[in-house]
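Residue-level structure breakdown
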Amino acid sequence: MSNRESLSISVAQVLRRAGVQHPLQRTITLDELNVGAATIPAGTPIELDLVLEATGNAVVATGALRTVARCECRRCLDLFDQPIVTEVREIFDPRPVEGETYPLQAELIDVVPLARDALLLSLPLAPLCRPQCPGPAPEVFPATIEEDAAVAEPAGSLAGDAGSIEPEPPRDPRWAALDKLQLDR
């Protein structure tokens, strides 16, 4: 377990004053977090902006986590940085329920599991460098149907030359290996 795997914070004052909000701002680092093509590299600063409040024996942490993820665009495969901001509202309890609350042990809470869980859930599963990313070679492999091709004439139409056939668009070279595949029946 590295030194990034635990960050215990004393909540003794929070527990003594139920209902009073206590701000907590820290910058932490974690080991690498990765979901698909999105990664928060090890050592990337993560800003915690939380408010801690006691409710009986438990402590509620409400606020936001902010960092930057390194992503690979799903269309053009370019690398880009994407800001990640995730809102949290979690409970630290002396008798934690797995998957529902985090442990509160001896007036200490560890914010690392909360940060890890929240950030992993907020990483994009299929990141795009920009909403209209055309892909690797838009002129060869268009991502959208052009208006002329979308309004195709019905089969057997008398309009146009019956002998003209649209040329087949070029094949994506990434799929070339599948052309050699032979399936036995």
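Scroll up for the structure.
Residue positions are counted from 1 within each chain, in the order its sequence is given. Where totals are concerned, whole chains, interfaces and linings use all residues; where local detail is concerned, this predicted model gives features only for residues with pLDDT of at least 70, and gives and counts side-chain atom pairs only at 80 or more. The basis for every side-chain value is the complete set of non-hydrogen atoms in the structure, without hydrogens or water.

Another point: the packing of aromatic side chains. Aromatic rings from Phe, Tyr and Trp, taking only the six-membered ring of Trp, are treated as a pair when their centres fall within 6.5 Å; an angle between ring planes under 30 degrees marks them as stacked, one over 60 as edge-to-face, and anything in between as tilted. What the rule picks out here adds up to 1 aromatic pair. Aromatic side chains Phe92 and Tyr102 sit 5.6 Å apart centroid to centroid with 35 degrees between the ring planes, which places their arrangement in the tilted category. Taken together, the positions of Phe92 in strand 7 (residues 79-93) and Tyr102 in strand 8 (residues 102-105) put the pair 10 residues apart, joining distant regions of the chain. Exposure categories follow from relative accessible area, calculated using a 1.4 Å probe and restricted to protein chains: below 20% of the type maximum is buried, above 50% is exposed, and the middle band is partly exposed. Residue Phe92 is classed as buried on the basis of its relative accessible area of 1%. Tyr102 gets classed as buried once you look at its relative accessible area, which sits at 12%. Think of it this way: any DSSP run of H or I at least four residues long counts as a helix, any run of E at least two long counts as a strand, and we number them from the N terminus.

Moving on, we come to helix 2 (residues 111-122). Expected span, for any helix, means 1.5 Å times one less than how many residues it has. Taking 1.5 Å per residue, 12 residues should reach 16 Å; helix 2 reaches 17 Å between its end C-alpha atoms and fits that length. Residues of helix 2 that are buried include every one of Val111, Val112, Leu114, Ala115, Ala118 and Leu119, and no others. Down the axis of helix 2, the buried side of the element spans an arc of 160 degrees, and every buried residue falls inside it. Arc, as used here, means the arc of the directions from the helix axis to the C-beta atoms.

Turning to the pairing of strand 7, a few remarks are in order. Where strand 6 (residues 58-72) lies against strand 7, 14 bridges are found, and the strand directions are antiparallel. Considered in strand 7, the bridge of Ala69 is made with Gln82. Here strand 6 folds back onto strand 7, and the loop between the two strands holds 6 residues, one of which, Leu77, carries a positive phi near 65 degrees. Here, any two strands with at least 2 DSSP bridges between them count as paired. Where strand 7 lies against strand 8, 2 bridges are found, and the strand directions are parallel. Paired with Phe92 across the strands is Tyr102, a residue of strand 8.

Exposure above 30% relative accessible area and no salt bridge define the residues that can form patches, which grow by joining like charges within 9 Å and nonpolar side chains of Val, Leu, Ile, Met, Phe, Trp and Tyr within 5 Å. Note on areas: Shrake-Rupley with a 1.4 Å probe; residue coverage comes only from the protein chains shown. A pair is scored as a salt bridge if a Lys or Arg side-chain nitrogen falls within 4 Å of a carboxyl oxygen belonging to Asp or Glu. Among the surface-exposed residues, Trp175, Leu178, Leu181 and Leu183 lie close enough to one another that they form a single nonpolar patch of about 480 Å² accessible area. Checked against the element boundaries, Leu183 lands in the segment after helix 4 (176-179).

In plain terms, two cysteine sulfur atoms within 2.5 Å form what is called a disulfide here. For the structure on display, the rule yields 0 disulfides. For the unlinked cysteine Cys129, the closest cysteine sulfur is that of Cys133, found at 3.7 Å. Cys133 forms no disulfide, and the closest cysteine sulfur to it belongs to Cys76, at a distance of 3.6 Å. By relative accessible area, which is 2% here, Cys133 ends up buried.

What follows deals with the pattern of salt bridges. Tallied over the entire structure, the rule returns 1 salt bridge. A salt bridge links Asp81 to Arg70, with the nearest nitrogen and oxygen atoms 2.9 Å apart. With Asp81 in strand 7 and Arg70 in strand 6, this pair connects stretches of sequence that are 11 residues apart. A relative accessible area of 35% means that Arg70 is categorised as partly exposed.

For the rest of this paragraph, the subject is the environment of Asp78. Following the sequence through the fold, Asp78 ends up in the loop between strand 6 and strand 7. For Asp78, a relative accessible area of 47% corresponds to the partly exposed category. Separated by 57 residues in sequence, Asp78 and Gly135 have C-alpha atoms that sit 9.5 Å apart. Contacts were defined at the residue level, with two residues in contact if any of their heavy atoms lie within 4.5 Å. If near-sequence neighbours (up to four positions away) are discounted, Asp78 is found in contact with Cys71, Glu72 and Cys73.

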